[in-house]
Amino acid sequence: MEKEQMLRLLEQKSYRRLREAAGELQPADLAEMLEDMDEKQRLLVFRLMKKDQAAEAFAYLDNDTRSDMIEAFSDAELTATLEQMALDDAADLLEEMPASVVKRVLGRSDPETRESLNRLLNYPADSAGSIMTPEYVRLRPGTTVADAFTAIRRQGENAETVYICYVVERNRLTGVVTARDLLLSSPEDLIDEVMDDHVIRVQVTDDKEFVANEMNRYGFMAMPVVDSEGFMVGIVTLDDAAGVLIEEATEDIQKMAAIAAPPEDSYFSTGVLAHARSRIPWLLILMLSATFTGMIITYYENAFAALPLLVSFIPMLMDTGGNCGNQSSALMVRGLALGEIRPRDILRVAFKEARVALVVGLVLAAANGLRIFLMYRDMRLALLISVTLVLAIVIAKLIGCSLPLLVQKAGLDPALMASPFITTIVDACSITIYFSLATWMFGL
């Protein structure tokens, strides 16, 4: 159903047909249509929808649209919508709301929902507890497969997933069983015989990025979460883990582009001043640090005054060195994020990158040396550029691979030592090498 069709039904006041047509849409598609409507139309369509579908679509709305709707909702509507949502989604939404709105919602929620939401809201923002849901299928040891299906039917309506079930005894996790395992077993089989009792789990205080990476590593659709005493408190599902990885990747990309305090909203939802504030700090630092490169060039002004041709090669040398350093740093940031590389591997990484740099440097040096000799018929100049390129590339790759690892070891985000910062350092090194060799080879 297209947005125009929906608007036409609204104009015709064909509310029954509109409700039926909206019911055939996916929640994400419906949310996209709601975002394009004005406030009055949006509220009317939302109120016509079935409660469960409305709650699902509400979770997909962008922050601005959701805020507008919250302001227009009555207390009863807001509470009903949140109670239809999965508890982890409702908790995430409440975290973004003003305290007065949160108080309104919790005050009208039933005691069980209020207790669960309060517990989720009290976990640290970057912990497994902040993204988990306490709604999962619990099975008891000693029961049969037939009893397990009865329990799934009873609990499944409110559970986040029914494909993965957890065997819990006295609130302690003893095993995990999948719907596939149950379907392929006889009804008389005991859960103890079907379940896997070697269960990988995470602590409720573990970092959410660690949890997401562990789920990716093992290919899990859900990860059980236990507290410090070993009691099971919830599960993290695949959609929440994917959201964490997307969020972390976005943050790394923005840091690598020298954007401080990345905006949480989408590009178009973030104001011009907010965009500027997030970009100016690092740009100021990088601009000031680039003055060192200018000081180096000024120091060697006699050299390029005597041989002006030297100046024409500065951009090529700086760009090549910066690009090589950025390649290495990007690989390190990715390797650290995926757990393929650890800070203690710095010597192995440096040795490998040095060999890669040597191969790359020799190839680029040969190509540039030949070009320069054919253009200027000056062997010393060709040799100068070739040697500078090899040295600059080796240094650039060593800097590019080591800085992210050192920053990670210091407990900071390795993405901080990425593209712009490394380029600035490598530029200064490349210019120093270039003019030091030039003054020695040409006697300047």
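Look above for the structure.
Residues numbered from 1 in each chain as written. Predicted model: local features only at pLDDT ≥ 70, side-chain atom pairs only at ≥ 80, totals over all residues. Heavy atoms only, no water.

Participant: Explain the overall build of the chain here, please?
Facilitator: Each helix and strand counted, the chain has 22 helices and six strands in total. Whereas a compact globule of 444 residues would reach a radius of gyration of roughly 22 Å, the chain reaches 30 Å, over 25% beyond that. Each principal axis of the C-alpha atoms in the chain carries an extent, and together these give about 90 × 60 × 35 Å. Taking all 444 residues of the chain together, the buried fraction comes to 45%. Expressed as a percentage of contacts within the chain between residues at least 6 apart in sequence, the contacts between residues at least 24 apart total 67%. Surface summary for the chain: the accessible area is close to 23900 Å², and the carbon and sulfur share equals 56%. (Helix = DSSP H or I, 4+ residues; strand = E, 2+ residues; numbered from the N terminus. Rg over C-alpha atoms; globule rule 2.2 N^0.38 Å. Buried < 20%, exposed > 50% of the residue type's maximum accessible area, 1.4 Å probe, protein only. Contact = heavy atoms within 4.5 Å. Areas by Shrake-Rupley, 256 points an atom, 1.4 Å probe, with all protein chains shown as cover.)

Participant: What should I look at first to understand the sheet that holds strand β3 (residues 172–178) in this one?
Facilitator: Within the open sheet, the three strands sit side by side as β1-β2-β3. Their pairing is mixed. What marks the edges here is a single partner per strand, and that holds for β1 (138–139) and β3. The sheet contact formed by strand β2 (residues 164–169) and β3 spans six bridges and is antiparallel. Within β3, the position partnered with Val168 by the bridge is Leu173. (Pairing = 2+ DSSP bridges.)

Participant: Mind showing me how you'd approach the side chain of Thr161 here?
Facilitator: If you trace the backbone, Thr161 turns up in the loop between α11 (145–155) and β2. There is a polar contact of 3.2 Å between the side chain of Thr161 and the backbone nitrogen of Tyr163. Filtering out sequence-adjacent residues up to four positions away, Thr161 remains in contact with Val137, Ile235 and Thr237. (Polar contact = N/O pair within 3.5 Å; in protein donor to acceptor, adjacent residues only side chain to side chain.)

Participant: How do you make sense of the pairing of strand β5 (residues 222–226) when you look at a structure like this?
Facilitator: The side chains of a regular strand alternate between both faces of the sheet. The element β5 is largely enclosed, with a buried count of five among its five residues. Here β5 shows no split at all, with Ala222, Pro224 and Val226 on one side and Met223 and Val225 on the other all buried. Of the pairings in the sheet, the one linking β5 to strand β6 (residues 232–237) comprises five bridges and is antiparallel in character. Paired with Met223 across the bridge in β6 is Val236. Connecting β5 to the antiparallel partner β6 that follows it, the hairpin turn spans five residues, and Gly230 within it adopts a positive phi of roughly 90 degrees.

Participant: Got a minute to help me understand the packing of helix α8 (residues 87–95) against helix α10 (residues 111–121) in this structure?
Facilitator: For any two helices packed against each other, the geometry comes down to the angle between their axes and how far apart the axes lie. At a closest axis distance of 9 Å, the pairing of α8 and α10 adopts a crossing angle of 60 degrees. Of the two elements, α8 crosses α10, and the hand of that crossing is right-handed. The residues of α10 that touch α8, namely those facing Leu87, Asp88, Ala90, Ala91, Leu94 and Glu95, are Thr113, Ser116, Leu117, Leu120 and Leu121. For the contact of α8 with α10, the per-class residue count stands at seven nonpolar, two polar and two charged. (Axes fitted to C-alpha atoms, helices over the stretch in contact; angles between N-to-C directions. Left-handed = near helix turned anticlockwise from the far one by under 90°. Nonpolar A, V, L, I, M, F, W, Y, C, P; charged D, E, K, R; others polar.)

Participant: Explanation requested: the pairing of β2 in the structure shown.
Facilitator: Most of β2 is tucked away, with five of its six residues classed as buried. The sheet contact formed by β1 and β2 spans two bridges and is parallel. Paired with Leu139 across the bridge in β2 is Val167. At this point the chain moves from β1, through α11, to the parallel β2, and the crossover so formed is right-handed. Between β2 and β3, which follow one another and run antiparallel, lie two residues, and Arg170 among them has a positive phi close to 55 degrees. (Right-handed = clockwise from strand over helix to strand, strands pointing away.)

These figures capture arrangement, not role.
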